[in-house]
Amino acid sequence: MSDSRNDSESFSKHDRSVSTQRSLMSFFVKKIRSDEVQDRSKVNNEENVSTSNVISAAVRDSSSKDLQTDVDNQVQKNIFADALDIGNFIDSQSSKLSNDKKYLALTKIWRPDILYNFPKDKDSRKFQLKWLNDFPWLSYSQKHEGVYCRTCVLFSRDVVGKSKENAGQLCTKPLNKYKKALELFKKHSNNDYHKFSIIKADDFKNVVESTEKDLLKFRIDSGDDVLKNHLQNCPKNSNFISKTTQNDLIDCCASVILGKIVNAIKESKYFSILVDETTDISTSKQLVLCICYVFHNKVQEDFLKLIIVENTTGYNLLSKVILRQLDDLGLNIKYLRGQCYDGGTRHRFFLTNIDG
């Protein structure tokens, strides 16, 4: 019993000691007055408001960026639509279009989406989007608010002379009255110039798409081990088989060969020219310029170059083109001793009467 009483007293003294220590410690702690409590509450509220503003600003900034991205995407989409509108290819005459632009028009032309709102004609009729699927050669022009035959826009001017029909609506003018649209589309598809244009377009695409890769494969299959080894071991970014690199290599080879031919002609001194007209698969008109000369007691006949021309009917213009090409090659016209042309002698008349 006495032990139990002693333990109880001991615990009681310890509690009093701890309580006294706490009281002493609390004496030295700074007391917060009521006005400080209000100030702290105000500061906390301001911090909360500031944090809320930062979060709101971040949200607004994010929303603004998303909105700007949407706007940028829409602007790019509109630029793309404007640039690849078939109406632009009408405005730029097809005879002056480069092969790249023609291929772009055949493969990447703008097409309205399902949400596009077509304008009404005077009878309140609209172009039907499904017609683009029913007649794959159709292309709608947002710029001209009408529809064209894409292949005829690009090629009909070059083939229309082969038929007795005149290319007009759907070729050089848009169809924008749709009362008898289906009837007109079917009639157009049976026109000779449209059929010629389709063939021209298919041939053109085949030439462009039968790329150098097919030729490279043919070379390898034919036993070109050097080429095979190069393609198997070269880095992917320097295989030199892109169309740009291939064209650069061809230009380099042409420059070297042409330089050797011109040097031989200058050594020979006297020469004759042979000129003919041709039209390539893209319907670009070109002059073929060849040259004949005697080199080391042997008659040489060499091809010099193809010259792109807008037309081949202006004899005076063509003569100037020929003279300019000879001058660019460094060949003196006073040593010209013969001229040969396919289709007449009027070139010769102008060539001998125009000062170089």
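Residue numbers here run from 1 along each chain, matching the order of that chain's written sequence. Where local features are concerned, this predicted model is filtered to residues with pLDDT of at least 70; where side-chain atom pairs are given and counted, the filter is 80 or more; whole-chain, interface and lining totals use all residues. Note that water and hydrogens are dropped before the side-chain values are worked out from all heavy atoms of the structure.

Overview of the packing of aromatic side chains
Two aromatic rings are characterised by how far apart their centres lie and by the angle between their planes.
No. 1: A pair of aromatic rings is counted whenever rings of Phe, Tyr or Trp (Trp by its six-membered ring) have centres within 6.5 Å, and the orientation is called stacked for planes under 30 degrees apart, edge-to-face for over 60 and tilted otherwise. If you walk through the whole model with that rule in mind, you get 14 aromatic pairs.
No. 2: Consider the rings of Phe118 and Tyr140, whose centres lie 4.8 Å apart with planes at 85 degrees: the pair is edge-to-face. Here Tyr140 lies in strand S1 (residues 138-141) and Phe118 lies in the loop between helix H4 (99-107) and helix H5 (131-134), a separation of 22 residues in the sequence.
No. 3: When its relative accessible area of 7% is taken as the criterion, Phe118 is described as buried.
No. 4: Under the scheme applied here, a residue whose accessible area is under 20% of the maximum for its type counts as buried, over 50% as exposed, and between as partly exposed, the area being computed with a 1.4 Å probe on protein chains only. Look at Tyr140 and you get buried, because its relative accessible area is 1%.
No. 5: Between the aromatic rings of Phe127 and Tyr140, the centroid separation amounts to 5.3 Å while the plane-to-plane angle is 40 degrees, which identifies the pairing as tilted. Linking Phe127 in the loop between H4 and H5 with Tyr140 in strand S1, this pair joins segments that are 13 residues apart in sequence. Accessibility classification places Phe127 together with Tyr140 in one group, the buried group.
No. 6: Connected via pairs of aromatic rings, a cluster forms that spans Trp110, Tyr116, Phe118, Phe127, Trp131, Phe135, Trp137, Tyr140, Tyr178 and Phe185. Elements are defined by DSSP. Helices are runs of H or I of four residues or more, strands are runs of E of two residues or more, and each kind is numbered from the N terminus.

Regarding the nonpolar core
No. 1: Ranked by internal contacts, the top residues of the largest apolar core, which has 22 residues, are Phe271, Ile273 and Leu331.
No. 2: Put simply, the parts of the chain that give this core at least two residues each are helix H11 (243-268), strand S4 (271-279), strand S5 (285-295), strand S6 (298-308), helix H12 (315-328) and strand S7 (336-341).
No. 3: Residues contacting Phe271, with those up to four places away along its chain left out, are Ile265, Ile291, Cys292, Tyr293, Leu331, Asn332, Tyr335, Leu336, Arg337 and Gly338.
No. 4: Take the buried residues of types Ala, Val, Leu, Ile, Met, Phe, Trp, Tyr and Cys, join any two whose side-chain atoms come within 4.5 Å, and each joined set is a nonpolar core. Grouped together as the second largest cluster of nonpolar side chains are 20 residues, Phe127, Cys149, Cys152 and Cys171 included. Any two residues whose heavy atoms approach within 4.5 Å are treated as being in contact.

Observations regarding the packing of H4 against helix H8 (residues 192-209)
No. 1: Interaxial angles span 0 to 180 degrees and are taken between N-to-C directions of axes, which are lines fitted to C-alpha atoms, for helices over the stretch in contact. Where H4 contacts H8, the two axes come as close as 11 Å, and the packing angle between them is 110 degrees. Taken together, the axis directions place H4 and H8 in an arrangement best described as roughly perpendicular. Note on packing geometry: the crossing formed by H4 with H8 is left-handed. Judged by residue contacts, Asn99, Lys102, Tyr103, Leu106 and Thr107 of H4 engage Ala201, Phe204, Lys205, Val208 and Glu209 from H8.
No. 2: Three classes are used: nonpolar for Ala, Val, Leu, Ile, Met, Phe, Trp, Tyr, Cys and Pro, charged for Asp, Glu, Lys and Arg, and polar for all others, with Gly counted as polar. Residues of the contact of H4 with H8, tallied by class, amount to five nonpolar, two polar and three charged. Between 65 and 115 degrees an angle is taken as roughly perpendicular, under 35 as roughly parallel, over 145 as roughly antiparallel, and anywhere else as oblique. Each crossing gets its handedness from the near helix: less than a right angle anticlockwise from the far helix is left-handed, clockwise is right-handed.

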